[in-house]
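The primary structure of each chain is shown beneath.
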Amino acid sequence: MIHFDNVGKSYSDGTEAVKALNLTIENGELMALIGPSGCGKTTTLKMINRLIEPTAGSIKIHNKDIREYNIHELRWNTGYVLQEIALFPHMTIEENITIVPEMRKWKKSDINHRVSELMEMVGLDPATFRKRQPDELSGGQQQRVGVIRALAADPDIILMDEPFSALDPITREQLQNDVRHLQKEIKKTIVFVTHDIDEAMALGDRVCLMKDGEIVQVDKPQQLILHPKNDFVKSFIGEKKSPWQTAVDILMDRSMSRTVTLPQIEEQNVNPSGSYIIIGHEGEYIGTLINGEKIVHPELPNYLQLVKTIETFRANKTDLLPVVKNDRVIGTLSYEDIVHFLESKTKKENGVIQ
């Protein structure tokens, strides 16, 4: 979908913001760009829609060099969400959302339908908020409008430049959840710049860690934690995370030894005692078999932090839960798994826990 081939950006004063960058972002992927201040992540993002022009190499979208696209078409097909919410204060919420569809000469009926569809998608009742001005909304509500404005003309690509960094922690977490749910529903290609490691790990299908204008490691969040390429990656990722902030797919049991299928149950090919996760023929979660009785428990999203997982265990009085990604069970998590993981992250000296 988006391919960087030896892309560089330098300035007349000799500054090299980006150096020989090679990166491919797949269709429907959420790529998180992260790194220290000045590492080149925002420059990389802005080169995709030519807000910044590269001085070396090429960037291709759908195997076509971005310089071959009409600049207006390129940007119309690339939604953009900024840290500064940047809604037009003299326009209503509806008018803010419809800017690009109107420029693209959409039918009025299609525009009206799109506004309602998007507002409902992020929990803003169109009847209540459609005609309001931006200053009548909270910061979180305004940023939701900023996100759906970027989606209004149904672009293939969404660029998000630290969109939630100015918001309070609770609102920020709510919007992160919104992005996760939206991505599952709309399946756009999203490039997301953030300075927050937890945000990158929670949202990114893959994370691109940069330093001094270069890519240090591109990998799935789990692999960055389990297999850091060097000491820089290890310190940047590891030292910024408490064990309790670890996503459940890092510590889950991947063996699937505590899962059973419906045919196995029907054939009575299951130990009658103990707990097992029941999965369907496409890997979906059916329920939990506890001493021969089927009980349906909540699923654990693969990105859920351990600290919140404990609450689910307690609320459901169970020792085993399914870990799910894209509606499929990818592993199981038990209290025993959690204890072993925390023990592995706890230093002991002379028998004393540090």
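Just so you know, these numbers come straight off a predicted model, no measurement behind them.

## Considerations on helix H1 (residues 41-48)
In terms of burial, H1 is largely enclosed, as six of its eight residues are buried. Within H1 the residues assigned to the buried category are Lys41, Thr43, Thr44, Leu45, Met47 and Ile48. Once H1 finishes, Arg50 follows within two positions and takes phi at roughly 65°, a positive value.

## Notes on unusual backbone geometry
For residues that are not glycine, phi is negative in most cases, and the peptide bond is trans in most cases. One non-glycine residue with positive phi stands out, namely Lys105, at about 65°. Turning to its location among the elements, Lys105 is positioned in the loop between helix H4 (99-103) and helix H5 (108-121).

## Points about the pattern of salt bridges
Under the definition given, this model contains 14 salt bridges. One salt bridge connects Arg104 with Glu73, and the closest N-O pair in it is separated by 3.5 Å. Of the two residues, Arg104 sits in the loop between H4 and H5 while Glu73 sits in helix H2 (residues 71-76), which places them 31 residues apart along the sequence. What makes Arg104 partly exposed here is its relative accessible area of 29%. Between Asp178 and Arg144 there is a salt bridge whose closest N-O contact spans 2.7 Å. You can see Asp178 sitting in helix H8 (residues 169-186) and its partner Arg144 sitting in helix H7 (residues 139-151), a full 34 residues away along the chain. With respect to class, Asp178 is no different from Arg144; both count as buried. It is possible to trace a salt-bridge network through shared partners that takes in Arg114, Glu117, Asp154 and Lys188.

## Observations concerning the confidence of the model for the protein chain
Averaged over every residue, the pLDDT of the protein chain is 88; residues scoring 70 or more account for 96%. In the predicted structure, residues 348-354 sits below a pLDDT of 50 and forms seven contacts with residues beyond four places in sequence or in another chain.

## Here's the deal with the sheet that holds strand E6 (residues 78-81)
Overall, mixed pairing links the six strands, which are arranged E6-E7-E8-E3-E9-E10 in an open sheet. The open sheet terminates on both sides in strands that have one partner only, identified here as E6 and strand E10 (214-219). The average angle at which neighbouring strand axes cross in this sheet is 15°, direction not considered. Summarising the sheet, E6 and strand E7 (residues 157-161) pair through four bridges and their orientation is parallel. Bridge pairing links Tyr80 to Leu159 in E7. Here H1 sits on the sheet in contact with strand E3 (30-34), E6, E7, strand E8 (189-193) and strand E9 (206-211), set at roughly 150° to E7.

Conventions we followed
- Residues numbered from 1 in each chain as written.
- Predicted model: local features only at pLDDT ≥ 70, side-chain atom pairs only at ≥ 80, totals over all residues.
- Heavy atoms only, no water.
- Buried < 20%, exposed > 50% of the residue type's maximum accessible area, 1.4 Å probe, protein only.
- Helix = DSSP H or I, 4+ residues; strand = E, 2+ residues; numbered from the N terminus.
- Salt bridge = Lys/Arg side-chain N within 4 Å of Asp/Glu carboxyl O.
- pLDDT = per-residue confidence, 0-100.
- Contact = heavy atoms within 4.5 Å.
- Pairing = 2+ DSSP bridges.
- Axes fitted to C-alpha atoms, helices over the stretch in contact; angles between N-to-C directions.

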